Amino acid sequence: MKCTLILTGILLLVICFFICPAQAFTAKSLDIAVQQNDDAVITFTYELSWFENFAVFLHIADPGVELQKALENNYKKSVDVFVANQGESQFVVHGFASVQEHNGTVMMKTPALSFADAQKVLNQYWFAPFVNPDFSPDITRVSFPDGYFEEFQNQISIPAVSHILNS
């Protein structure tokens, strides 16, 4: 009788797990720090559900690796990974910003960035029906070598940002 109750309890937990969608990946912040040489150090912080932490632990899905792949595929740029853990990913994207010089002034422009296609990437995993991700960072900051920056809040797509550097 006791064994039946335990098995029934476990079965109910498994059913609840598969029926109820879990709160999932939540983007917290995205910091894009454009360097003087046109590279960008990108720091992305996020929270994972217990289920996603388990998946990351088993290397089923690593958000850092997925973000690296997305950046390399979308921008056709080389990406070096500094940090890729369960709450933060940090990369250098080489040649991220375009630079134009004209009459002694230097203008840098970052490309637009969108996480709208992230759902397509997520859908490739077996656990996709069980998660409810939020890919729009609470805050995104794009900063330039002279200290100028622009911020965006809760936006899944970030527009291109242009800035003339102060000498």
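Anything mentioned here points back to the structure above.
So, a few notes on the structure that sits alongside this text. (Residues numbered from 1 in each chain as written. Predicted model: local features only at pLDDT ≥ 70, side-chain atom pairs only at ≥ 80, totals over all residues. Heavy atoms only, no water.)

### Points about the pattern of salt bridges
Our working definition: Any carboxyl oxygen of Asp or Glu within 4 Å of a side-chain nitrogen of Lys or Arg constitutes a salt bridge here. Only DSSP runs of H or I reaching four residues or more are called helices, and only runs of E reaching two or more are called strands; each is numbered from the N terminus. Only protein chains enter the accessibility calculation, which uses a 1.4 Å probe. A residue is then buried if its area is under 20% of the maximum for its type, exposed if over 50%, and partly exposed in between.
Overall, the coordinates contain 2 salt bridges when judged by the stated rule. The shortest N-O distance in the salt bridge between Lys28 and Asp138 comes to 3.2 Å. Here the residue Lys28 occupies a position in strand E1 (residues 22-34), and Asp138 occupies one in the loop between strand E8 (131-134) and strand E9 (139-143), the gap between them amounting to 110 residues. Overall, the relative accessible area of 28% leaves Lys28 in the partly exposed class. Among the salt bridges present, the one from Arg141 reaches Glu151, with a minimum N-O distance of 2.8 Å. One end of the pair, Arg141, is in strand E9; the other, Glu151, is in strand E10 (residues 149-153), with 10 residues separating them in the sequence. A residue is classified by how much of its surface remains accessible, and Arg141, at 30% relative accessible area, is partly exposed.

### With respect to empty space enclosed by the protein
Picture a little ball the size of a water molecule; that probe, rolled over the atoms, points out where space is still empty. For clarity, the cut-off: Both site types are read off a 1 Å grid over the protein atoms alone. A 1.4 Å probe that fits but cannot get out defines a cavity, while an open set with protein on both sides within 12 Å along at least five of seven lines defines a pocket; lining residues have an atom within 4 Å of a point. Grid points are joined across faces, edges and corners, and a volume is the space filled by probe spheres set on the points. As a working rule, the residues Ala, Val, Leu, Ile, Met, Phe, Trp, Tyr, Cys and Pro are called nonpolar, Asp, Glu, Lys and Arg charged, and the rest polar, with Gly in that last group.
Following the criterion strictly, the structure yields 1 cavity of 30 Å³ or more and no others. Approximately 30 Å³ is the volume found for the largest cavity. Ile32, Phe96, Thr110, Pro111, Leu113, Ile158 and Pro159 together form the lining of the largest cavity. Class assignment for the residues of the lining of the largest cavity results in 6 nonpolar, 1 polar and no charged.

### Quick word on unusual backbone geometry
Phi at Asp38 takes a positive value of approximately 80 degrees, unusual for a residue other than glycine. Note that Asp38 resides in the loop between E1 and strand E2 (40-47). By relative accessible area, which is 23% here, Asp38 ends up partly exposed. Positive phi, close to 50 degrees, is recorded for Asn103, a residue that is not glycine. Locating Asn103 in the fold gives a position in the loop between strand E5 (98-102) and strand E6 (105-110). Judged by relative accessible area, which is 71%, Asn103 ranks as exposed.

### Some details on the sheet that holds E5
Quick reminder of the rule: Strands are labelled as partners when DSSP assigns at least two bridges between them. The angle between two axes is taken between their N-to-C directions and runs from 0 to 180 degrees, where each axis is a line fitted to C-alpha atoms and a helix contributes only its stretch in contact.
Spatially, 3 strands are ordered E5-E6-E12 in an open sheet, and the strand pairing comes out antiparallel. Edge strands, defined here as strands with exactly one partner in the open sheet, are E5 and strand E12 (161-164). Strand-to-strand twist of the sheet, defined as the mean angle between neighbouring strand axes without regard to direction, takes the value 15 degrees. Where E6 lies against E12, 4 bridges are found, and the strand directions are antiparallel. Bridge pairing in E12 links Met108 to His163.

### Some details on the pairing of E2
Moving residue by residue along a regular strand, the side chains alternate between the two faces of the sheet. In terms of burial, E2 is a largely internal element, 6 of the 8 residues being buried. Alignment of E2 against strand E4 (residues 88-93), held across 6 bridges, turns out to be antiparallel. Within the sheet, the bridge partner assigned to Thr43 lies in E4 and is Gln90.

### Remarks on the pairing of strand E3 (residues 79-84)
Here 5 bridges tie E3 to E4, and the two strands are oriented antiparallel to one another. Note that in E4 the partner of Val81 across the bridge is Phe91. The loop that links E3 with its antiparallel partner E4 comprises 3 residues.

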